[in-house]
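Structure assessment
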Amino acid sequence: MVTVIIGVLALQGDVREHLVALAAADAVAREVRRPEELAEVDGLVIPGGESTTISKLAVLFGLMEPLRARVRDGLPVYGTCAGMIMLADKILDPRSGQETVGGIDMIVRRNAFGRQNESFEAAVDIKGVTGDPVEGVFIRAPWVESVGAGTEVLAEHDGHVVAVRQGNALATSFHPELTGDHRVHGLFADMVRANRARRSL
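Residues numbered from 1 in each chain as written. Predicted model: local features only at pLDDT ≥ 70, side-chain atom pairs only at ≥ 80, totals over all residues. Heavy atoms only, no water.

Per an unreviewed UniProt entry, the recorded name for the chain is Pyridoxal 5'-phosphate synthase subunit PdxT, and the organism is Streptomyces edwardsiae. One UniProt comment on the chain, placed under Function (unreviewed entry), says "Catalyzes the hydrolysis of glutamine to glutamate and ammonia as part of the biosynthesis of pyridoxal 5'-phosphate. The resulting ammonia molecule is channeled to the active site of PdxS." Recorded under Pathway (unreviewed entry), the UniProt text for the chain is reproduced unchanged: "Cofactor biosynthesis; pyridoxal 5'-phosphate biosynthesis." (UniProt positions renumbered as here; feature names shortened; annotations may be inferred.)

This is the structure:
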C-alpha cells in the first residue's frame, strides 16, 4: 500500500478527531497551518467548525490563495460540515466577508438542518462505502441545494443532498470522524493514493 501524507487544516474545528480517523485509514496525518505545510501533503481534510471563522483565518494565515491553487491543480480534498461549505463554489446565504476555497460545483445552504440544539444522528447510505450505512452526526449541518453536471451525489438524507464528489474533491454535511467508523476517511485515503499513483506514472 502506498503511504500518503494527508493534512488536516488546523485553524479551527475538530482537528484531532480527523487526525485519528486518517491514521486509522493507514495515512500519515499532519496538521496544516502554513503554506509550506500545505505544500508537503498529498491530500487535505477541511474539518467541521465555523465556516466563517475558518475562512477568515485562512486569509489571515496566508492560506486561502495557496489552497485554491492546489485544489485547482487537483489536490485531493475532503470537507466535513463547515469544510463542505468551504469547498462549495457558491454559498446560498454567506456571512459578510465569507470566502470559500471552491472546487465543487454546488450551491450550499449554511445551518440548513437547524441550530446546535437541533443536532441529530442518522444512518446514511454513501455510494462507494461498502457495508452497513454510515452513522452521520449532523451538527448545525449544511445541505446541498443544487449541483452542477460534473458533481456526483453520493448520499441524501430526508430528501436533501448530504454527500458529494467532484473529481478529487469529496464533501459531507455530517461528521464521520466523531463516530469511530473510519470508512469515509478510508474512501478519501484511497482517492489520495489513486491520485498519487496517477501523478507518478
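The rest of the description comes next.
**So, the overall build of the chain**
The helix and strand tally for the chain stands at six helices and 12 strands. Taken over the C-alpha trace, the chain has a radius of gyration of 15 Å; the compact-globule value for 201 residues is 17 Å, and the two agree within 12%. On the principal axes, the C-alpha backbone points of the chain span a range of 40 × 40 × 35 Å. Within the chain, the fraction of its 201 residues that count as buried is 53%. For the chain, contacts bridging at least 24 residues in sequence account for 67% of all contacts bridging at least 6. (Helix = DSSP H or I, 4+ residues; strand = E, 2+ residues; numbered from the N terminus. Rg over C-alpha atoms; globule rule 2.2 N^0.38 Å. Buried < 20%, exposed > 50% of the residue type's maximum accessible area, 1.4 Å probe, protein only. Contact = heavy atoms within 4.5 Å.)

**Considering the UniProt feature "active site" (unreviewed entry) in the chain**
The sites that UniProt annotates as "active site" (unreviewed entry) are Cys81, His175 and Glu177. Despite a sequence span of 97 residues, these residues sit close together in the fold, their greatest C-alpha distance being 11.1 Å. Annotated residues from the preceding list that form part of the lining of the largest pocket: these are Cys81 and His175. Structurally, histidine 175 can be placed in the loop between β12 (169–172) and α6 (183–200). Residue classification places histidine 175 among the buried residues on the basis of a relative accessible area of 5%. Ignoring anything within four residues of it in the chain, the contact list for histidine 175 reads Asp14, Gly48, Thr80, Cys81, Val137 and Ile139. A distance of 3.5 Å separates the side chain of histidine 175 from the side chain of aspartate 14, its partner in a polar contact. By the element assignment, glutamate 177 lies in the loop between β12 and α6. Setting aside chain neighbours within four positions, we find glutamate 177 in contact with Asp14, Glu17, His18, Thr80 and His185. Among the polar contacts made by the side chain of glutamate 177, one reaches the side chain of histidine 18 at a distance of 3.4 Å. (1 Å grid on protein atoms, 1.4 Å probe; cavity = no way out; pocket = protein on both sides within 12 Å on 5 of 7 lines; lining within 4 Å. Polar contact = N/O pair within 3.5 Å; in protein donor to acceptor, adjacent residues only side chain to side chain.)

**Observations concerning helix α3 (residues 51–60)**
Along α3, the residues that are buried comprise Ser51, Thr52, Ile54, Ser55 and Ala58. All buried residues of α3 project into a common sector of 165 degrees when viewed along the axis, lining one side. Buried residues along α3 sit against β1 (5–9), α4 (64–72) and α5 (82–87). With a side-chain oxygen lying 2.9 Å from the backbone nitrogen of threonine 52, the N-terminal cap of α3 falls on glutamate 50. Positive phi appears at glycine 62, one or two residues downstream of α3, with a value of about 70 degrees. (Arc of directions from axis to C-beta.)

**A short note on the UniProt feature "binding site: L-glutamine" (unreviewed entry) in the chain**
Feature annotation in UniProt assigns "binding site: L-glutamine" (unreviewed entry) to the following positions: Gly49, Glu50, Ser51, Arg110, Ile139 and Arg140. The named residues occupy 92 residues along the chain; their greatest pairwise C-alpha distance, 12.7 Å, places them in one compact cluster. Lining residues of the largest pocket, restricted to the annotated ones just named, are Gly49, Glu50, Ser51, Arg110, Ile139 and Arg140. Along the chain, glutamate 50 turns up in the loop between β3 (43–46) and α3. The contacts of glutamate 50, once residues within four sequence positions are left out, are Gln12, Ala82, Arg95, Arg110 and Arg140. When you line up the elements, arginine 140 lands in the loop between β8 (134–138) and β9 (143–147). Classification of arginine 140 by relative accessible area gives partly exposed; the value is 28%.

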